Amino acid sequence: MKEFDYVIIGGGCAGLSLAYELEIHNKLIDKKLAIIEPREDYKRDKSWSFWKVTSHNFSDCIKKSWKNFTINISNNTKYLECSKTPYQTIDSGLFYEKIINKLKLNENIFFFKNINEINTQNSILFNSVSDISDDKHKLWQHFYGIEIETDKKIFDDEIFNLMDFDCEQKNKVHFFYTLPFSKNKALIETTWISELNDKSIMDYEKQITNYLNDRLKIKKYKINYSEKGAIPLFQINNLKKLNQINIGTVGGMTRLSTGYTFLNIQEQCKYIRENIKNIQKVKLFQINKKYRFFDEIFLKVLRKNPEKMPNIFYKMFESKTETVINFLSNTSNIFEDFSIVNKMPKWIFIKALFN
Ligand SMILES: Cc1cc2nc3c(=O)[nH]c(=O)nc-3n(C[C@H](O)[C@H](O)[C@H](O)COP(=O)(O)OP(=O)(O)OC[C@H]3O[C@@H](n4cnc5c(N)ncnc54)[C@H](O)[C@@H]3O)c2cc1C
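What you are looking at is a predicted structure, and each value in this text was computed from that prediction instead of being measured. (Residues numbered from 1 in each chain as written. Predicted model: local features only at pLDDT ≥ 70, side-chain atom pairs only at ≥ 80, totals over all residues. Heavy atoms only, no water.)

### Comments concerning helix α7 (residues 321-328)
Counting buried positions along α7 yields 7 of 8 residues, so the element is predominantly enclosed. Looking only at α7, the buried set comprises T321, T323, V324, I325, N326, F327 and L328. Elements that come into contact with the buried residues of α7 comprise β4 (47-51), β6 (68-73), β7 (76-81), α5 (289-304), α6 (309-316) and α8 (334-343). Following α7 by one or two positions, N330 has its phi on the positive side, about 65°. (Buried < 20%, exposed > 50% of the residue type's maximum accessible area, 1.4 Å probe, protein only. Helix = DSSP H or I, 4+ residues; strand = E, 2+ residues; numbered from the N terminus. Contact = heavy atoms within 4.5 Å.)

### Quick notes on the site of the ligand
Of all residues adjacent to the ligand, which total 28 residues, the nearest are A14, E37, R39, S49 and T261. In this structure, E37 approaches the ligand through a side-chain N or O atom, which is 2.6 Å from an oxygen atom. With respect to the ligand, the side chain of R39 contributes an N or O atom lying 2.7 Å from an oxygen atom. Isolated, the ligand exposes 980 Å² of accessible area, and the fraction of that covered by the protein chains is 80%. Looking at the shell around the ligand, the elements with two or more residues in it are α1 (13-24), β4, β16 (222-232) and α4 (262-274). The greatest single-element share of the shell around the ligand, amounting to 4 residues, is contributed by β16. (Near = heavy atom within 4 Å. Polar contact = N/O pair within 3.5 Å; in protein donor to acceptor, adjacent residues only side chain to side chain. Areas by Shrake-Rupley, 256 points an atom, 1.4 Å probe, with all protein chains shown as cover.)

### Side note on the nonpolar core
W51, F69, Y87, L162, F298, F317 and F349 are the most contacted members of the largest nonpolar core, which totals 47 residues. Going through the elements one at a time, β6, β13 (159-164), β14 (173-182), β15 (185-194), α5, α6, α7 and α9 (346-353) are the ones with two or more residues in this core. Looking at this core element by element, the count peaks at 7 residues for α5. Once residues within four sequence positions are removed from consideration, F349 is found in contact with F294, I297, F298, V301, I312 and M344. Of all hydrophobic cores here, the second largest spans 37 residues; its members include I8, F50, M253 and Y271. (Core = buried A, V, L, I, M, F, W, Y, C linked by side-chain atoms within 4.5 Å.)

Here it is, written out as structure tokens:
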């Protein structure tokens, strides 16, 4: 059986980002890498969005970026600006194509469908495959989105809508998210925070149709593409094993209060590449402790008080927009942290802290 220096289990966002990072920094000139990925072919399946607070390798995969956004609760809309850190959407189809084309040029990189095809005994494993089991007490961010195309030019593509809470909540947290890619094309997503198997929220198509018809007054459109998923909003046991390092979602790269993961994955990949020679000895790359602490309390508040969350999110944006973006993107300083905490309703957060 074939042996490899490195094995990446799961050629999704984290697995491919890591392989690409190693490849472009010449870390695979004299090392062999196996990528284990069962999918038959790569096609667009996700849209990864984030405020660009750090550089990344995929500016040529950006579908669109925006300098303005809104957030809504019933009867109120905030108009916000983010020109210093534009909000970018990566097209996963372009991302996969770019990386696979690059990796195929290196004869030291091999692709397999199943880990049983290789001998991993002497390899360092980078694992992005989840074995997270269902647990009723845990929260997930569920979403379903469609990219629609209309005959008429109806969208303002200079501004996206981050969260529209003016919709049915069912005693959970629910909002719509709209990314206008052009004047007649947009991705509309319905997003819920709830348990993994909560059937009561899963009539997604009906929710989006109603939202388009009743709220956005869009009746005629065609659907070009859809995406669906659920992100775990809880800390995953990520113990260091001698020859295995978890990466991506299972490597704890999701910000639990928001679901944002993409840029954290890129930071994790940079860290692994910089330390690749010593990777079994250096400490694990993690999201800063202060954010993990805040997010844990935030989610306790959310679980107990879902009806308060639209106002809490809305109020957070009373701080300077730059401050909120830095906080949500793990780049805030202590003054910015204080400004955010100061906007939170004190009593329910203190109660959550001691529960
Ligand atoms: C629909 C969707 C939209 C998202 N949008 C955003 C966003 O806008 N911004 C953001 O920051 N984050 C977003 N996320 C969160 C996060 O960025 C993504 O989930 C991201 O894909 C996580 O990367 P990953 O490598 O951990 O997992 P994945 O990208 O899911 O990769 C895991 C890979 O493992 C493969 N695999 C499965 N089983 C096996 C097996 N047994 N052996 C080997 N391989 C296997 C899968 O086929 C897959 O390719 C989104 C998530 C989803 C689901």
